[in-house]
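# Fold and geometry: a report
Each chain, letter by letter, is given below.
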Amino acid sequence: AAALPIGAMTAMCLFEKANLGANEDVLIYGASGSVGSYAIQLAVDKGNEVTAVCSGKNADMVKHLGAKHVIDYKTASYCDVKGKFDIVFDAVGKTSKSEAKKVLKKGGKFVSVEMMTDEKPCYLQEIKEMAESGKIEPFIDKIFSLDEIVKAHTHVDSGRKRGNLVIVVVP
């Protein structure tokens, strides 16, 4: 349960800013991290088609979470895709609105983790209900004991973390 709140609430808040509806084309940049992995699931749950941008080694992971298409950022730029998107969701703060405009439909929205987000109690309730019904699940990369907290931070700082890390406080 502890792996759910922050990434999922951040994704919910940003999708609220973008007015996520149904039957939209959504591109998620940084789709294999914590926020991105929840963004995929939230968008798919509302009936949207997701294109995930991540490294090729994470393609199976993001497809498992519901992405229909994957762009390996190491071999291609999402700016070069033929299609257009209703929403470009930057889950890692590594792209820009000016880049996103190249692939946004007229009236499309760009949102980023660089924006202010607001954790609302209603988000926690919705996350709880979605988790209980199996509509959302945390992707847990690794589990560390509290004694391994430095190792956990080193893993996060490496930029190779997928989904979430869990720290076990009480064995």
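Above this note sits the structure.
### Concerning the pattern of salt bridges
Tallied over the entire structure, the rule returns 5 salt bridges. Lysine 105 is the partner of aspartate 86 in a salt bridge, and the nearest nitrogen-oxygen pair spans 3.3 Å. Of the two residues, aspartate 86 sits in strand S4 (residues 85–90) while lysine 105 sits in strand S5 (residues 104–112), which places them 19 residues apart along the sequence. We classify lysine 105 as partly exposed; its relative accessible area is 31%.

### Comments concerning the environment of asparagine 19
Looking at where asparagine 19 falls in the secondary structure, it is placed in the loop between helix H1 (5–17) and strand S1 (25–29). Owing to a relative accessible area of 52%, asparagine 19 belongs among the exposed residues under this scheme. What asparagine 19 contacts, discounting residues up to four positions off in sequence, is Glu24 and Lys109.

### Thoughts on the state of the cysteines
Taken as a whole and assessed by the stated rule, the structure comprises 0 disulfides. Unpaired in this structure, cysteine 54 has its nearest cysteine sulfur neighbour in cysteine 79, at a distance of 16 Å.

### Regarding the packing of aromatic side chains
With the rule as written, the count across this model stands at 2 aromatic pairs. Where phenylalanine 15 meets phenylalanine 89, the ring centres are 4.8 Å apart and the plane angle is 50°; that geometry is what we call tilted. Taken together, the residues span a long stretch of sequence, with phenylalanine 15 in helix H1 and phenylalanine 89 in strand S4 at a distance of 74 residues. Across this residue pair, the class does not change: phenylalanine 15 and phenylalanine 89 are buried.

### Remarks on the sheet that holds S4
Spatially, S3-S2-S1-S4-S5 is the arrangement adopted by the 5 strands of the open sheet, whose pairing is parallel. The sheet is open, and its two borders are formed by strand S3 (69–72) and S5, each paired with just one other strand. Going across the sheet, the axis of each strand differs from the next one's by a mean of 20°, ignoring polarity. Alignment of S4 against S5, held across 5 bridges, turns out to be parallel. Pairing of aspartate 90 across the sheet is with serine 112, part of S5. Relative to the sheet, H1 contacts S1, S4 and S5, its axis offset from that of S4 by approximately 145°.

### Let's talk about the nonpolar core
In globular proteins that are soluble, nonpolar side chains generally tend to be buried together. Ranked by size, the top nonpolar core spans 36 residues in total, and within it Phe15, Val26, Ile28, Ile40, Ile87 and Phe89 carry the most contacts. When contributions to this core are tallied by element, the ones reaching two or more residues are H1, S1, helix H2 (34–45), strand S2 (49–54), helix H3 (59–64), S4 and helix H5 (121–132). Take this core: its biggest share by element is 7 residues, from H1. Non-local contacts of isoleucine 40, meaning those with residues more than four positions away in its chain, are made with Ile28, Ala31, Val50, Ala52, Val62, Leu65, Gly66 and Ala67. Ranked by size, the runner-up nonpolar core spans 12 residues in total, among them Tyr29, Phe85, Val88 and Val103.

The rules behind the values
- Residues numbered from 1 in each chain as written.
- Predicted model: local features only at pLDDT ≥ 70, side-chain atom pairs only at ≥ 80, totals over all residues.
- Heavy atoms only, no water.
- Salt bridge = Lys/Arg side-chain N within 4 Å of Asp/Glu carboxyl O.
- Helix = DSSP H or I, 4+ residues; strand = E, 2+ residues; numbered from the N terminus.
- Buried < 20%, exposed > 50% of the residue type's maximum accessible area, 1.4 Å probe, protein only.
- Contact = heavy atoms within 4.5 Å.
- Disulfide = S-S within 2.5 Å.
- Phe/Tyr/Trp six-rings, centres within 6.5 Å; stacked < 30°, edge-to-face > 60°.
- Pairing = 2+ DSSP bridges.
- Axes fitted to C-alpha atoms, helices over the stretch in contact; angles between N-to-C directions.
- Core = buried A, V, L, I, M, F, W, Y, C linked by side-chain atoms within 4.5 Å.

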